[in-house]
Amino acid sequence: MKGNGRRKLDQQNFMEQVQECKDNGYLLSSKKIGSGAFSKVYLAYATHERMQHNSKLASDLRGKRHTMVAIKIISIAKAPVEFSRKFLPREISSLNATYKHLNVVQLYETYQNSQRSYLVLELAARGDLLEHINAVSDHRCCPGLEEEEARRLSWQLVSAVAHCHNSGIVHRDLKCENILLDDRGFLKLTDFGFANRSGLKNSLLSTFCGSVAYTAPEILMSKKYNGEQADLWSLGVILYAMVSGKLPFKERQPHRMLQLMRRGPTFPPGLSPECQDLIRGLLQLRPRARLGLQQVATHCWMLPAAHALFRTVLVSALESQLPAPMDDAEPSEDSEHPAAGHLPRPRLWPGARAPGGPPERRNVGFSGLGLRSTVAASLGIGTSRQLLSLCSMSAIRNMPGHYLLN
Ligand SMILES: Nc1ncnc2c1ncn2[C@@H]1O[C@H](COP(=O)(O)OP(=O)(O)OP(=O)(O)O)[C@@H](O)[C@H]1O
């Protein structure tokens, strides 16, 4: 009886939600795609009428060629007052502040009544990064992703986090479960429930947020912390999880966790020294010793993929749409692989220059504007402007093909 009564109530609740969504221009499906502490997330469809009234929604869905969205329904009645008054408004304002980046889930709109709040979000239908790592590990019969895939995803994640920080938002709950993948394989950072404004440049935060396994040591030690530096620690944990299929430090008790952190991570055999170096640079106990986002983006481990992509995109774009480059843009004769002659020699952090200094700066006499977008899209890191802001930076400039970005 009790079970029956509960089921009826759930059904009634769901029908109310369907009606409330319909009133706001969305067709709610019964497909539940996730749930959180006080929320449920459903697949829904935007009506054409709604799209006519919401340009954000219309422009994005037109590009995606479908009308699907994810609707996160938060039960105000079930959630603690602090959640509705503090965390939910922060989540909404953070999503508004970080609109719009290819690697950050987009909030199209919200509506609410006294019972529920609705967040209409961009759909990321391929599950989260943790599921992905586990699925790939099973498939390969070896824990973790291939470094090449981890690098591609890291580019997107670094781009997303850089965009948040540049928008004045610290995420404070970066973990594999809060990183979703969409049906095109793009990474989408989500769950800004603990996000906060980073405020003044050196202002410090004090609230404990996130999951212990991803939490920076200074937070575990209850010290005041810099949100951006704490996000960078979590980034190191995520990168470690991607390439090893496990967490670098796993203990329930914070003081034991700290002991492990002091000892530093141990790496699986076969992991490249460059990748180890990057992870070590992020998992620095002292926040100030940690790599910054710009150093991450220009770390030698991050470069090979970008380099290869630049080459590939450059070659195909040159063939299809652009005037031929001047002679000096040709690969060197001794290149075995089309990219090999131009790869900067691996540099280990912190930033020792490759022997012989940076590659010569070349200019091919075209702006490469369309190409920038293609490159940004290939890397999965948003618009060309976002690519530029991430890479306004020495390493990309030092890379062969840098002229595409100037
Ligand atoms: N835009 C989306 N597209 C697809 N699935 C989503 C989307 N947003 C959320 N989900 C799914 O719903 C789950 C819960 O969403 P979310 O993490 O935002 O809720 P939450 O209430 O903040 O969760 P938690 O209590 O774990 O912090 C996610 O783990 C994910 O599986």
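Residues numbered from 1 in each chain as written. Predicted model: local features only at pLDDT ≥ 70, side-chain atom pairs only at ≥ 80, totals over all residues. Heavy atoms only, no water.

In the annotation of an unreviewed UniProt entry, the entry for the protein chain reads non-specific serine/threonine protein kinase, and the organism field reads Equus asinus.

1. Details of the site of the ligand
Short version of the rule: We call a residue near a molecule or strand as soon as one heavy atom of that residue lies within 4 Å of the molecule or strand. Under the rule applied, a polar contact is a pair of N or O atoms within 3.5 Å (in protein, one hydrogen donor and one hydrogen acceptor; residues adjacent in sequence only if both atoms are side-chain atoms). Using a 1.4 Å probe, accessible areas were evaluated by the Shrake-Rupley method; residue-level cover was limited to the displayed protein chains. Numbering of helices and strands runs from the N terminus, with a helix taken as a DSSP run of H or I at least four residues long and a strand as a DSSP run of E at least two residues long. Under the scheme applied, nonpolar residues are Ala, Val, Leu, Ile, Met, Phe, Trp, Tyr, Cys and Pro; charged residues are Asp, Glu, Lys and Arg; polar residues are all the others, including Gly.
Within the structure, the ligand sits among 15 residues, and Ala37, Ser39, Lys72, Glu122 and Asp191 are positioned closest to it. At 3.0 Å, a backbone N or O of Ala124 approaches a nitrogen atom of the ligand. Coverage of the ligand by the protein amounts to 79% of the 610 Å² it exposes when considered alone. Those elements giving two or more residues to the shell around the ligand turn out to be β1 (26-35), β2 (39-46), β3 (68-75) and β5 (116-122). Residues that form the shell around the ligand fall into these classes: eight nonpolar, four polar and three charged.

2. Digging into the packing of aromatic side chains
Short version of the rule: Geometry of aromatic contacts follows a simple scheme: Phe, Tyr and Trp rings, the Trp one being its six-membered ring, pair when their centres are within 6.5 Å, and the pair is stacked under 30 degrees between planes, edge-to-face over 60, tilted otherwise. We call a residue buried when its accessible area falls under 20% of the maximum for its residue type, exposed when it is over 50%, and partly exposed in between, using a 1.4 Å probe and counting protein chains only.
Following the criterion strictly, the structure yields seven aromatic pairs and no others. Residues Tyr26 and Tyr111 carry aromatic rings whose centres are separated by 6.2 Å and whose planes lie at 15 degrees to one another, so their mutual orientation is stacked. Of this pair, Tyr26 sits in strand β1 while Tyr111 sits in strand β4 (residues 107-112), placing them 85 residues apart in sequence. With respect to burial, Tyr26 and Tyr111 carry one shared label: buried. Consider the rings of Tyr111 and Tyr118, whose centres lie 4.7 Å apart with planes at 20 degrees: the pair is stacked. Of the two residues, Tyr111 and Tyr118, neither departs from the other in class, the shared state being buried.

3. Some points on the packing of helix α6 (residues 147-166) against helix α8 (residues 227-244)
What counts is decided by this rule: Interaxial angles span 0 to 180 degrees and are taken between N-to-C directions of axes, which are lines fitted to C-alpha atoms, for helices over the stretch in contact. Note on terminology: angles under 35 degrees are roughly parallel, angles over 145 are roughly antiparallel, angles of 65 to 115 are roughly perpendicular, and the others are oblique. Working rule for handedness: look at the near helix, and if it is turned counterclockwise from the far one by less than a right angle, call the crossing left-handed; if clockwise, right-handed. When checking whether two residues touch, look at their non-hydrogen atoms; a contact exists if any pair is within 4.5 Å.
Packing of α6 against α8 leaves a shortest axis separation of 10 Å and a crossing angle of 165 degrees. Accordingly, the angle class assigned to the pair α6 and α8 is roughly antiparallel. Crossing of α6 against α8: the hand is right-handed. Taking contact as the criterion, the partners of Glu147, Ala150, Leu153, Ser154, Leu157, Val158, Val161 and His165 in α6 are, on α8, Glu228, Asp231, Leu235, Ile238, Leu239, Met242 and Val243. Considering only residue class, the contact of α6 with α8 consists of 10 nonpolar, two polar and three charged.

4. Examining unusual backbone geometry
A cis amide bond, omega 10 degrees, links Tyr99 with the succeeding residue Lys100. Assignment of secondary structure puts Lys100 in the loop between α4 (81-98) and β4. Phi is positive for Cys141, which is not a glycine, with a value near 55 degrees. Within the secondary structure, Cys141 is located in the loop between α5 (129-140) and α6. A relative accessible area of 73% means that Cys141 is categorised as exposed. Phi is positive for Asp191, close to 55 degrees, though the residue is something other than glycine.

5. Considering helix α9 (residues 254-263)
The condition is simple: This arc is built from the directions going out from the helix axis to the C-beta atoms.
Residues of α9 that are buried include every one of Met257, Leu258 and Met261, and no others. For α9, the buried positions fall inside an angular range of 100 degrees around the axis, keeping them on one side. Exposed and oriented more than 90 degrees from the buried face of α9 are Arg262 and Arg263. Contacts made by the buried residues of α9 are with α7 (217-220) and α8. Gly264 sits one or two positions beyond α9 and adopts a positive phi of about 90 degrees.

6. A look at the domain arrangement of the protein chain
How big an interface is tends to be reported as the loss of accessible area on association of its parts. The following threshold applies: The split of the chain into domains comes from an automatic or database domain assignment. By convention, the term buried area covers the 1.4 Å-probe accessible surface removed from two parts as they join, with the contributions of both added.
Taken domain by domain, the protein chain holds domain 1 (22-121) and domain 2 (127-337 + 346-406). Counting residues at the interface gives 17 residues for domain 1 and 25 residues for domain 2. Between domain 1 and domain 2 lies a buried interface of about 1,800 Å² when both sides are counted; carbon and sulfur atoms form 55% of it. When residues of domain 1 are sorted by the area they lose upon contact with domain 2, His101, Leu102 and Asn103 head the list and together hold 35% of the total.

7. Points about the pairing of β2
Sheet faces and side chains relate simply in a regular strand, where the side chains alternate between the two faces. Filter applied, for reference: For two strands to count as paired, DSSP must find a minimum of two bridges between them.
In terms of residue burial, β2 counts as a mostly covered element, since six of its eight residues are buried. In terms of strand pairing, β1 meets β2 through six bridges, oriented antiparallel. Directly across from Leu27, in β2, lies its bridge partner Tyr45. The hairpin turn running from β1 into β2, its antiparallel successor, is three residues long.

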